Amino acid sequence: MRRKDKAVTELADIETIIRAAAYMTLGMNDEGEAYMTPLDFGYESDGRSLGAVYFHCARSGRKLDLIKRDPRVSLLFVAADHALVDEGDGSMGCTLNTDYRSVMALGEARIIEAEAERLDAIRAVLRQHGCGHLPVAPENLAKTALVRIDLSSAAGKAYKGK
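## Side note on the overall build of the protein chain
Argument step 1. Within the protein chain, the secondary structure is distributed over four helices and eight strands.
Argument step 2. Each helix and strand of the protein chain, placed in order from N terminus to C terminus, yields the pattern β-α-β-β-β-β-α-β-β-α-α-β.
Argument step 3. The burial tally for the protein chain puts 36% of its 162 residues in the buried class.
Argument step 4. The contacts of the protein chain with a sequence gap of at least 6 include a subset with a gap of at least 24, amounting to 71%.
Argument step 5. Carbon and sulfur atoms make up 52% of the accessible area of the protein chain, which amounts to about 9,600 Å² in all.

## Here we look at the packing of aromatic side chains
Argument step 1. Overall, the coordinates contain one aromatic pair when judged by the stated rule.
Argument step 2. The interplanar angle of 65° and the centroid separation of 5.1 Å between the aromatic rings of Phe 41 and Phe 77 together place this pair among those described as edge-to-face. Highlighted residues: Phe 41 in the loop between strand S3 (33-39) and strand S4 (42-44) and Phe 77 in strand S6 (residues 72-86), separated in sequence by 36 residues. Each member of the pair Phe 41 and Phe 77 is classed as buried.

## Observations concerning the pairing of strand S8 (residues 144-159)
Argument step 1. As paired elements, strand S1 (residues 7-8) and S8 share two bridges and run antiparallel to each other. Following the sheet pairing, Val 8 is matched in S8 by Gly 156.
Argument step 2. Pairing of strand S5 (residues 52-58) with S8, which is carried by seven bridges, proceeds in the antiparallel orientation. Looking at the pairing, Phe 55 lines up with Val 147 of S8.

Conventions and cut-offs
Residues numbered from 1 in each chain as written. Predicted model: local features only at pLDDT ≥ 70, side-chain atom pairs only at ≥ 80, totals over all residues. Heavy atoms only, no water. Helix = DSSP H or I, 4+ residues; strand = E, 2+ residues; numbered from the N terminus. Buried < 20%, exposed > 50% of the residue type's maximum accessible area, 1.4 Å probe, protein only. Contact = heavy atoms within 4.5 Å. Areas by Shrake-Rupley, 256 points an atom, 1.4 Å probe, with all protein chains shown as cover. Phe/Tyr/Trp six-rings, centres within 6.5 Å; stacked < 30°, edge-to-face > 60°. Pairing = 2+ DSSP bridges.

Function cannot be read off these values alone, since they describe shape.
Written as structure tokens, this is what we have:
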């Protein structure tokens, strides 16, 4: 990273950003073309190393086809983002920057088949959104695919404007 002053390197800080993100963007390889999609997710970790990300989707479709073909994925989590505009006195134009906290990560995805692990995965997604205590309807779980991404690396970046 060129701007070392913006780097977020501590695992605890990286995990804080991941847990604060409202959604993630998943990047996959589609025969040499980038395919990206925003998704709800859940994050689980022991706090000593990077953990796993879980997401749910339909039982068939482009995401699952791409994961089967190439399980290597990239992820982006953004926990804060808003523009900082300073018009000054109007004579010199304006300055523009953005407050942000983000993490970019790499990992390997796999479709979860075992029913107990599928239930754990959907609970992780629900916990991420504050509703992990709610029951999971078996008929909804049955029509949902669940994917686990084991993170292999992550780098964070943050800027807090003045």
